[in-house]
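Residue-level listing of the chains:
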Amino acid sequence: MKKLYMLVICALSTPVFSQTNPLKSEIGRKADSLQNQVVAWRRDFHEHPELGNHEFRSAAIIAKYLQSLGLEVKTGIATTGVVGILRGGHPGPVVALRSELDALPVTERTPVSFASKVKTVYNGQEVGVMHACGHDTHMAMLMAVAEILASIKNELHGTVKFIFQPAEEGGPAGETYGAEEMVKEGVLENPKVDVIFAQHIISNIPVGTITSHPGGTLAAVNDMRIVVKGKSAHGASPWSGVDPIVVSAQIINNLQTIVSRNINLTENPAVVTVGAIKGGNRSNIIPETVEMLGTLRAFSPEDEKMLITKVTQIAIKTAEAQGAVAEVTIPYSIHYPVTVNDPALTAAMLPTLQQTAGAANILSGPALTASEDFSYYSQKVPGLFVFLGGMPRGADPKTVPINHSPDFYIDESAFALGVKTLCNLTVDYMEMNSK
């Protein structure tokens, strides 16, 4: 998931639903009994992380396990994606459940015994590889969900499609990958998916809690690349050249006015961030070019278009004013639409979440400027994307290492609730919508 945030949460005052459904009780018992297995799977995936579109080991483990459960399994979708199909004993809707496979180019610093030691070269730099966003936990939990639902398949009123998707964190410029490519390759067809659910573990939400937000819940994202071309010169005589570093600094400062002076923050948030700047290799040489990489976040197509237009204008015109040239590419390698939780679906499934976690543990929060390619699924079918708490109870959410940090840490006691949540959402949706 792109970028994290500090989450403001408040408890909903809705009464707790009692768990009287025998099938729900069976799901609860099985989820609790699988806790140690989920931890083992998670630790194995964590110790052997793989970057997007290179998740060959993870995909092979998952495919083999789904096959052992008797599912129809398809592999190699969107490079390394795996899909398992479980047909229930009764007719009904097709429910998709999604997990990501990929890790991040982050060098791990956690003291855990299963910490990643994997190294790779990413964007020309040697770096570690780490499951710093919890995708290892998502894989492990969804494998347990598959085991539980397969064990009660004769009681299911519909079909479950388990989607293990590569490259949620992005891929090479100029290529499609992840959810966008999975959709293009027909993952929502044959059988046609009626609804899709997913969860994402978060390190600064308390363990035992679930957070959801109806409507636009995660921002659209476009990444950007700005190349500023000047004229190289000796650092002792800058007047004989055009300094692209100074021009780039002015562009960065000017970009900060886009949100502060063009976005109605009472309606929607937006973000313009420059995350990398590269130029030069010696203290006394003015380089010829500087490259900047950054990200744009917005919650409406109109704001998204405006951000792109303003960034392009500011970069080009600022460079021209200094005798330089700016080339702007937006998106550069990533574009995800707004992730929308279908309001009717969110409302319909709220009792399930309350029953599973307890009403006091279902939290609501604002729309978040993080981004997710789950949006490509929820553009096609109704979707619900919830956040699962992974922060140890009593920890300070303002100080714990957040997702994408080299110190990212998850309380593994969260897993049983995650397994129950996806199972119960599936069973309840089927019963409410059986054909």
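Here the structure is a predicted model, which means the values were calculated and not measured. (Residues numbered from 1 in each chain as written. Predicted model: local features only at pLDDT ≥ 70, side-chain atom pairs only at ≥ 80, totals over all residues. Heavy atoms only, no water.)

This brings us to the pattern of salt bridges. All chains considered together, the criterion is met by 17 salt bridges. For Lys192, the salt bridge identified is with Glu189, shortest N-O distance 3.6 Å. Overall, the relative accessible area of 53% leaves Lys192 in the exposed class. In this structure Glu189 comes out as partly exposed when scored by relative accessible area, which is 36%. Each of the salt bridges in this network shares a partner with another, and the network as a whole consists of Arg42, Arg43, Asp136 and Glu412. (Salt bridge = Lys/Arg side-chain N within 4 Å of Asp/Glu carboxyl O. Buried < 20%, exposed > 50% of the residue type's maximum accessible area, 1.4 Å probe, protein only.)

Structurally, Asp411 is set in the loop between strand E20 (383-391) and helix H10 (415-433). A distance of 2.8 Å separates polar atoms of two side chains, one belonging to Asp411 and the other to Ser413. (Helix = DSSP H or I, 4+ residues; strand = E, 2+ residues; numbered from the N terminus. Polar contact = N/O pair within 3.5 Å; in protein donor to acceptor, adjacent residues only side chain to side chain.)

What follows deals with the pairing of strand E3 (residues 81-87). A large share of E3 lies buried, amounting to 6 of its 7 residues. Here strand E2 (residues 72-77) pairs with E3 via 5 bridges, running antiparallel. The residue of E3 that forms the bridge with Ile77 is Gly81. Counted along the chain from E2 to the antiparallel partner E3, the turn is 3 residues long, and its residue Ala78 has a positive phi close to 50°. Here E3 pairs with strand E7 (residues 157-165) via 6 bridges, running antiparallel. Opposite Arg87, over in E7, you have Thr159 as the bridge partner. (Pairing = 2+ DSSP bridges.)

Per-residue pLDDT for the chain has a mean of 94; in total, 95% of the residues score no lower than 70. A low-confidence stretch, residues 3-19 stays under pLDDT 50, and its non-local contacts, those more than four residues away or across chains, total 49 contacts. (pLDDT = per-residue confidence, 0-100. Contact = heavy atoms within 4.5 Å.)

A word on the nonpolar core. Of all hydrophobic cores here, the largest spans 65 residues; its most connected members are Leu97, Leu149, Phe162, Phe164 and Phe197. Top element by residues in this core is helix H4 (residues 135-151). It accounts for 11 residues. In this structure Phe162 touches Leu71, Val82, Val83, Gly84, Leu86, Leu97, Leu142, Val145, Ala146 and Leu149, once residues within four positions along its chain are discounted. Within the second largest apolar cluster, 31 residues are counted, among which are Ile85, Tyr177, Tyr377 and Phe385. (Core = buried A, V, L, I, M, F, W, Y, C linked by side-chain atoms within 4.5 Å.)

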